[in-house]
Amino acid sequence: MRRLVWSASLICTVLLLACGDAGPTDGGGGEEPVGEDEAAIVNGTVDYTHDAVVCLALEDGYGCSGTFIEASGNYAYVLTAAHCVTPHAPLQVNQGVNCQSPDTWYSVDDYRAHPSYNGDCPDMAVVRVWNTGGPPPMIPAATSPDGLYAGAEIRHVGYGLTSYPNGHNDQRRTTTNTISGFESGNSEFWYDESISGTCQGDSGGPALSIGTERVVGVISRGEEGCTGTSWAVRVSTFYTSF
C-alpha cells in the first residue's frame, strides 16, 4: 500500500513513507498527504469554535492547516506538519472560518521542521509569526502522558477537501473520529475514515483530545480517496525535543 502525504494547496500526490511499518493492510489504494491547499474534512461540519486552528499559505499556491499553540512577546507559534513547509516555505498564516477571507493574517518570521525530520518522519514543524496585537486564540500541545488509547475519541479540524478529488473548500471544518491503534513505537496513531475524516489540505491540522482540548496529534497522511485509513503524528512523543 502506498502512503501519500496530504500535501499543500495544489492537488498533487507526494509520496511520503511512514515512520514505521504500515498499519492496516486490507486493500485500498495509495495514501496521500493530508496537507494540500485544496484538501478539507470529509463529511464534517463548518467549525466556528476553534479559532486557534489556522490555514498556512505556502509558496507556489500550496496551503496546509495548523494550530496556534503558544505565544511569547511579539511572536506566536503554529504547530503543523513538516511536509507542509518543505519544500514549500510558509508565507502567511490566515485566521478565520474562511481561509480566503481571513479575520486576521500573520506574517511568517521563521519556521523549522523537527530536527530529526528525514523527509518521512517525524512529520512535525513549527512556524513562528509576528504577533503585535495580543496573543491569538491557542490550544496547547499535549505532553506526556497524553491519555491516548485505542478507542479514544479525537476531534479533527482543518481546511481540507470535502470530497476527493474535487471537493474544493475554503472553510474550516471539523469532525470526530476514534483512534484505531498505534505504530512506529507509539509515535503515530491511525484511524478509520470510512464515514468521515481528513483529506488533502488538512495536513498539519490538529487531532484534539476531547474534554480539555490539547493538540494530541498532527495530521500527516492518508489513503487515496480519503475514505480509508489516515495517520497522525503523536505530539507528546516529539514536541519537547524541538
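Just so you know, these numbers come straight off a predicted model, no measurement behind them.

Trainee: Please clarify how the overall build of the protein chain should be interpreted in this entry.
Mentor: Per the secondary structure count, the protein chain includes two helices and 16 strands. For the protein chain, contacts bridging at least 24 residues in sequence account for 73% of all contacts bridging at least 6. When the accessible area of the protein chain is evaluated, it comes to approximately 9,300 Å², of which 47% is carbon and sulfur surface.

Trainee: Just checking my understanding: could you explain the packing of aromatic side chains for this structure?
Mentor: Here a ring pair, both rings aromatic, is described through the centre-centre distance and the interplanar angle of the planes. A full pass over the atoms with the stated rule returns four aromatic pairs. A ring pair is formed by tyrosine 75 and tryptophan 130, whose centres lie 5.0 Å apart and whose planes are at 35 degrees; its orientation type is tilted. You can see tyrosine 75 sitting in strand S7 (residues 75-80) and its partner tryptophan 130 sitting in strand S10 (residues 125-130), a full 55 residues away along the chain. Residue class for tryptophan 130 comes out partly exposed when judged on its relative accessible area of 41%. Taking 6.3 Å as the distance between ring centres and 70 degrees as the angle between the ring planes, the aromatic pair formed by phenylalanine 182 and phenylalanine 189 counts as edge-to-face. Taking relative accessible area as the criterion, phenylalanine 182 reaches 23% and is therefore assigned partly exposed.

Trainee: I would appreciate a short explanation of the sheet that holds strand S6 (residues 63-72) in the present structure.
Mentor: Within a sheet, neighbouring strands are paired by backbone hydrogen bonds and run either parallel or antiparallel to one another. If you walk around this closed barrel you meet the six strands as S5-S6-S7-S10-S9-S8, and the pairing is antiparallel. Here the strands of the sheet are splayed against their neighbours by 40 degrees on average, with no regard to which way each runs. Pairing of strand S8 (residues 90-95) with strand S9 (residues 104-113) involves four bridges; the strand directions are antiparallel. The residue of S9 that forms the bridge with asparagine 94 is tryptophan 105.

Trainee: So what exactly am I meant to see when it comes to the state of the cysteines here?
Mentor: As used in these notes, a disulfide is a covalent bond between sulfur atoms, one from each of two cysteines. The tally for this structure, following the rule as stated, stands at two disulfides. Each sulfur of the disulfide joining cysteine 55 and cysteine 99 lies 2.1 Å from the other. In this structure, the disulfide formed by cysteine 55 and cysteine 99 twists by about 100 degrees around the S-S bond and is classed as right-handed. Note that cysteine 55 is positioned in strand S5 (residues 53-58) and cysteine 99 in the loop between S8 and S9, a separation of 44 residues in sequence. In this structure, cysteine 55 and cysteine 99 share a single accessibility class: buried. Here cysteine 64 is linked by a disulfide to cysteine 84, with a sulfur-sulfur distance of 2.1 Å. Here the disulfide of cysteine 64 and cysteine 84 is left-handed, its torsion about the S-S bond being about -90 degrees.

Trainee: I keep staring at the pattern of salt bridges and nothing clicks. Help me out?
Mentor: Scanning the entire structure with this criterion turns up six salt bridges. Between arginine 234 and aspartate 146 there is a salt bridge whose closest N-O contact spans 2.8 Å. Residue arginine 234 is found in strand S16 (residues 229-234), and its partner aspartate 146 is found in the loop between S10 and strand S11 (153-158); the two are separated by 88 residues along the sequence. Taken as a pair, arginine 234 and aspartate 146 share a single burial class, namely buried.

Trainee: Looking at this structure, how should I read the side chain of threonine 80?
Mentor: Tracing the backbone through its elements, the reader meets threonine 80 in strand S7. For threonine 80, a relative accessible area of 0% translates into the label buried. A distance of 2.8 Å separates a polar side-chain atom of threonine 80 from the backbone oxygen of serine 65. Ignoring any residue separated from it by four or fewer positions in sequence, one finds threonine 80 in contact with Leu56, Cys64, Ser65, Gly66, Val85, Asp123, Met124, Ala125, Val127, Ser203, Gly204 and Val218.

The rules behind these values
Residues numbered from 1 in each chain as written. Predicted model: local features only at pLDDT ≥ 70, side-chain atom pairs only at ≥ 80, totals over all residues. Heavy atoms only, no water. Helix = DSSP H or I, 4+ residues; strand = E, 2+ residues; numbered from the N terminus. Contact = heavy atoms within 4.5 Å. Areas by Shrake-Rupley, 256 points an atom, 1.4 Å probe, with all protein chains shown as cover. Phe/Tyr/Trp six-rings, centres within 6.5 Å; stacked < 30°, edge-to-face > 60°. Buried < 20%, exposed > 50% of the residue type's maximum accessible area, 1.4 Å probe, protein only. Pairing = 2+ DSSP bridges. Axes fitted to C-alpha atoms, helices over the stretch in contact; angles between N-to-C directions. Disulfide = S-S within 2.5 Å. Salt bridge = Lys/Arg side-chain N within 4 Å of Asp/Glu carboxyl O. Polar contact = N/O pair within 3.5 Å; in protein donor to acceptor, adjacent residues only side chain to side chain.

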